[in-house]
Amino acid sequence: MVRYVKKAVASKPPDSKDMLDQVVLIAGVSVLGVLEQAYFSLQVIYARRKFSVTPPSTSGPPGFERVLRAQANCSEYFPVFVTILWVSGLFFNQGLSSICGLLYLYGRFLYFSGYAKSAHGRLAPLYFSAKVLWVLIGFSVLGILSFVFRFYLGLDLMQLACSV
Amino acid sequence: MVRYVKKAVASKPPDSKDMLDQVVLIAGVSVLGVLEQAYFSLQVIYARRKFSVTPPSTSGPPGFERVLRAQANCSEYFPVFVTILWVSGLFFNQGLSSICGLLYLYGRFLYFSGYAKSAHGRLAPLYFSAKVLWVLIGFSVLGILSFVFRFYLGLDLMQLACSV
Amino acid sequence: MVRYVKKAVASKPPDSKDMLDQVVLIAGVSVLGVLEQAYFSLQVIYARRKFSVTPPSTSGPPGFERVLRAQANCSEYFPVFVTILWVSGLFFNQGLSSICGLLYLYGRFLYFSGYAKSAHGRLAPLYFSAKVLWVLIGFSVLGILSFVFRFYLGLDLMQLACSV
Ligand SMILES: N[C@@H](CCC(=O)N[C@@H](CS)C(=O)NCC(=O)O)C(=O)O
Ligand SMILES: N[C@@H](CCC(=O)N[C@@H](CS)C(=O)NCC(=O)O)C(=O)O
Ligand SMILES: N[C@@H](CCC(=O)N[C@@H](CS)C(=O)NCC(=O)O)C(=O)O
């Protein structure tokens with residue numbers, strides 16, 4: 001087994017490693033995000049047992065519906081988050097994007113826990129994670145624009161901004 | 001601040017830039033898609049206020065449920081769209097895939113607005129965006145097959161097709 | 001038309017091809033996943049017609065709700081699956097990740113068919129596809145850790161493990 005795993009890991013050609021280090025942090029944050037989604041799903045399964053709500057039903061006491069909706073809402077935003085995390089990491093800066101990614105996942109954890117307790121408890125963490133998402137969107141727009149200007153027009157936007 | 005942003009953007013090594021220009025257009029379309037999803041979410045939040053439907057409830061007057069479902073349906077398809085956009089952009093052609101991506105996002109905007117007005121209003125834009133998705137699927141299959149044939153079998157499918 | 005397609009495919013520069021072969025298998029599995037999601041959506045549309053449940057309604061006889069929920073559940077997990085498939089394929093091993101990806105998609109097909117027949121029918125395939133997801137998560141963690149150790153610390157974890 002170990003031998004297979006070793007061979008598998010070693011089979012990456014050396015030049016692709018130079019590219020992988022450009023995404024290793026955002027890949028790590030993505031895996032954390034996947035683990036968080038798995039945790040949310042498990043909480044819904046436990047809530048289904050606790051409140052005896054058998055599928056395909058999605059309605060039950062408010063305590064159940066809040067857990068269900070908390071997970072549904074986080075699932076809805078997950079692909080949006082992963083997409084913007086990777087674009088921001090690739091075109092702006094991997095380190096800053098990963099930090100935002102961690103903050104977002106932390107905000108979503110608070111959202112889930114808060115929403116599970118009361119509908120009001122979801123609001124503060126929702127605003128927080130939405131703000132982080134907007135920062136990642138801003139990073140992505142900046143990164144892409146600056147890339148386009150440098151690559152296609154030979155203009156360094158940042159240098160320009162600084163020299164003014 | 002500007003200095004940090006400058007350093008962040010400048011820290012990309014020069015060789016990775018050659019790769020980023022292979023995805024810059026689809027990255028841009030992805031960011032537009034993220035913005036569109038943010039817009040849809042905001043519309044649901046406004047509709048919740050307008051029709052006084054407080055979470056975790058998802059049922060209310062038809063006018064509310066149509067907005068809620070319009071956003072839910074677009075969210076459901078968003079990861080499917082992003083996945084096929086990137087595969088098509090990487091393996092077939094970035095420019096054509098980005099144009100399809102823009103058309104898809106435009107179709108989804110019409111879907112959302114149409115569905116918000118009446119259930120029937122969602123149909124025409126749904127068929128349109130589904131067709132664009134099928135084009136992207138076709139591009140992806142063509143691109144991957146053609147890559148496999150060239151890379152592993154040394155056969156240029158397109159040249160073959162033309163020389164017949 | 002053929003000429004345009006030909007030009008489009010041929011326009012990839014030769015050096016990017018060396019990178020694309022690192023992801024061609026997971027790209028192929030992703031396209032299959034997209035096709036599966038399209039199939040699930042079509043089944044919901046047919047079920048809406050069969051049971052006369054017009055949007056925006058999502059409630060109806062159990063036979064309808066099971067199909068609707070089966071598709072909703074698969075959609076919820078789709079971005080999680082695609083994310084972990086790519087991280088595992090990039091950082092661990094493309095072949096093994098693609099095999100897991102195919103198993104997951106097969107498990108999801110059984111989940112959908114099982115759930116459509118009876119709520120109980122979803123359980124066995126759900127456990128199976130969850131297990132495959134955990135394997136992909138394990139691969140990703142292993143791949144990222146091993147990359148970090150080799151790239152930043154110059155330590156080959158696998159060699160270390162074997163020499164003990
Ligand atoms: N699907 C969401 C879309 C908009 C959204 O993200 N709303 C926030 C603020 S009202 C929320 O926490 N929704 C609760 C929920 O989705 O159950 C909804 O139904 O509200
Ligand atoms: N979740 C969708 C899956 C299938 C789908 O995309 N249906 C189209 C055509 S009926 C639609 O517009 N559905 C409306 C909706 O999702 O609310 C559904 O419930 O219908
Ligand atoms: N959205 C899911 C999250 C958790 C989950 O994946 N549950 C499994 C086991 S109970 C399932 O098959 N749920 C059925 C469904 O989503 O309709 C739920 O509502 O249950």
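Scroll up to find the structure this text is about.
A brief report on the enclosed structure follows. Just so we're clear, the structure is a prediction, and the values are computed from it rather than from any experiment. (Residues numbered from 1 in each chain as written. Chains lettered and ligands numbered in written order. Predicted model: local features only at pLDDT ≥ 70, side-chain atom pairs only at ≥ 80, totals over all residues. Heavy atoms only, no water.)

A closer look at the site of ligand 3
Definition in use: A cutoff of 4 Å decides nearness: a residue is near a molecule or strand if any of its heavy atoms lies inside that distance of it. Counting of polar contacts relies on pairs of N or O atoms within 3.5 Å, with two restrictions inside protein: one atom must be capable of donating a hydrogen and the other of accepting it, and residues adjacent in sequence are counted only when both atoms are side-chain atoms.
Taken together, 15 residues form the shell around ligand 3, and within it Arg48 of chain A together with Asn73, Tyr77, Tyr111 and Arg122 of chain C come nearest. The local environment of ligand 3 is shared, drawing residues from chains A and C. Note that an oxygen atom of ligand 3 is positioned 2.9 Å from one of the side-chain N or O atoms of Arg69 of chain C. Contacts to ligand 3 include Tyr115 of chain C, whose side-chain N or O atom sits 2.8 Å from an oxygen atom.

With respect to the site of ligand 2
For clarity, the cut-off: Secondary structure counts use DSSP, requiring at least four H or I residues in a row for a helix and at least two E residues in a row for a strand, with both numbered from the N terminus. Residues are grouped as follows: Ala, Val, Leu, Ile, Met, Phe, Trp, Tyr, Cys and Pro are nonpolar; Asp, Glu, Lys and Arg are charged; all remaining types, including Gly, are polar.
For ligand 2, the set of nearby residues contains 15 residues, the closest of which are Asn73, Tyr77, Tyr111 and Arg122 of chain B together with Arg48 of chain C. Near ligand 2, the surrounding residues are drawn from chains B and C. Side-chain polar atom of Asn73 of chain B to an oxygen atom of ligand 2: 2.7 Å apart, as the coordinates give it. Within the side chain of Tyr111 of chain B, an N or O atom sits 2.7 Å from an oxygen atom of ligand 2. Residue assignment for the shell around ligand 2 shows that the elements contributing at least two residues are helix 4 (62-91) and helix 5 (94-117) of chain B together with helix 3 (24-50) and helix 4 (62-91) of chain C. Within the shell around ligand 2, the residues separate by chemical class into 8 nonpolar, 3 polar and 4 charged.

Some words on the interface of chain A and chain B
Note the threshold: Contact definition: two residues touch when any of their heavy atoms are within 4.5 Å. Here's the idea: put two parts together, see how much 1.4 Å probe accessible area each one loses, and the total over both is what we call buried area. Each salt bridge in this description consists of a side-chain nitrogen of Lys or Arg and a carboxyl oxygen of Asp or Glu lying within 4 Å of one another.
Between chain A and chain B, the residue contacts involve 36 residues of the former and 33 residues of the latter. With both sides pooled, the region where chain A packs onto chain B buries about 3,100 Å², and carbon together with sulfur makes up 76% of that total. The tally of links between chain A and chain B comes to 0 salt bridges. Between chain A and chain B we count 2 residue pairs in polar contact (both at pLDDT 80 or more) in total.

Topic: helix 3 (residues 24-50) of chain A
We apply this condition: To estimate how far a helix should reach, multiply one less than its number of residues by 1.5 Å.
End to end, helix 3 of chain A covers 39 Å across 27 residues, agreeing with the expected 39 Å (1.5 Å per residue, within 8%). Immediately beyond the C-terminal end of helix 3 of chain A, within one or two residues, lies Ser52 of chain A, with a positive phi of roughly 50°.

Section: the interface of chain A and chain C
The figure often quoted for interface size is the accessible area lost as the parts come together. Listed by partner, the interface residues are 33 residues for chain A and 37 residues for chain C. At the boundary of chain A with chain C, total buried surface from both sides reaches about 3,100 Å², with 76% on carbon and sulfur atoms. At the junction of chain A with chain C, the criterion picks out 0 salt bridges. Scanning the region where chain A abuts chain C turns up 2 residue pairs in polar contact (both at pLDDT 80 or more). Broken down by secondary-structure element, the contributors of at least two residues to the side of chain A that touches chain C are helix 1 (2-10), helix 2 (14-20), helix 3 and helix 4 (62-91) of chain A. Top contributing element to the side of chain A that touches chain C by residue count: helix 3 of chain A, with 10 residues. Per-class residue counts for the side of chain A that touches chain C are 20 nonpolar, 9 polar and 4 charged.

Re the nonpolar core
Cut-off, in case you're wondering: For the purposes of this section, nonpolar cores are sets of buried Ala, Val, Leu, Ile, Met, Phe, Trp, Tyr and Cys residues that join through side-chain atoms within 4.5 Å. The buried label applies to any residue whose accessible area, calculated with a 1.4 Å probe on protein chains only, is under 20% of its type's maximum; exposed applies above 50%, and partly exposed to all values in between.
In this structure, Phe81 and Phe91 of chain A, Phe81 and Phe91 of chain B together with Phe81 and Phe91 of chain C are the most contacted members of the largest nonpolar core, which totals 90 residues. Leaving out residues up to four positions away in the same chain, Phe81 of chain A has contacts with Val29, Gly101, Tyr104, Leu105, Leu133 and Leu136 of chain A.

Points about the relation of the copies chain A and chain C
Our working rule: All copies are superposed by least squares; the fitting set is the C-alpha atoms of residues with a pLDDT of at least 70 in both.
Note on the identical chains: chain A maps onto chain C by a rotation of 120° and an axial translation of 0.0 Å, with an RMSD of 0.0 Å. The operation mapping one copy onto its partner corresponds to a three-fold rotation axis. Considering only C-alpha atoms, the residue of chain A closest to the rotation axis is Pro79 of chain A, which sits at 3.3 Å.

Considering the side chain of Gln71 of chain C
Among the secondary structure elements, Gln71 of chain C is positioned in helix 4. Look at Gln71 of chain C and you get buried, because its relative accessible area is 5%. Apart from residues no more than four positions distant in its own chain, Gln71 of chain C is found in contact with Glu76 of chain B together with Phe40, Ser41, Val44 and Phe112 of chain C.

Structural notes on unusual backbone geometry
Residue and element names in this part refer to chain A. Residues Pro55 and Pro56 are joined by a peptide bond in cis, for which omega reads 5°. Its location among the elements puts Pro56 in the loop between helix 3 and helix 4. Non-glycine residue Ser52 carries a positive phi angle of around 50°. Overall, the relative accessible area of 61% leaves Ser52 in the exposed class.

Here we look at the relation of the copies chain A and chain B
Two copies of the chain are present, and they differ by a rotation about an axis and a shift along that axis. Overlay of chain A on chain B (RMSD 0.0 Å): rotation 120°, translation along the axis 0.0 Å. Residue by residue, only 6% of the interface of chain A is reproduced at the interface of chain B, so the copies engage with different surfaces.

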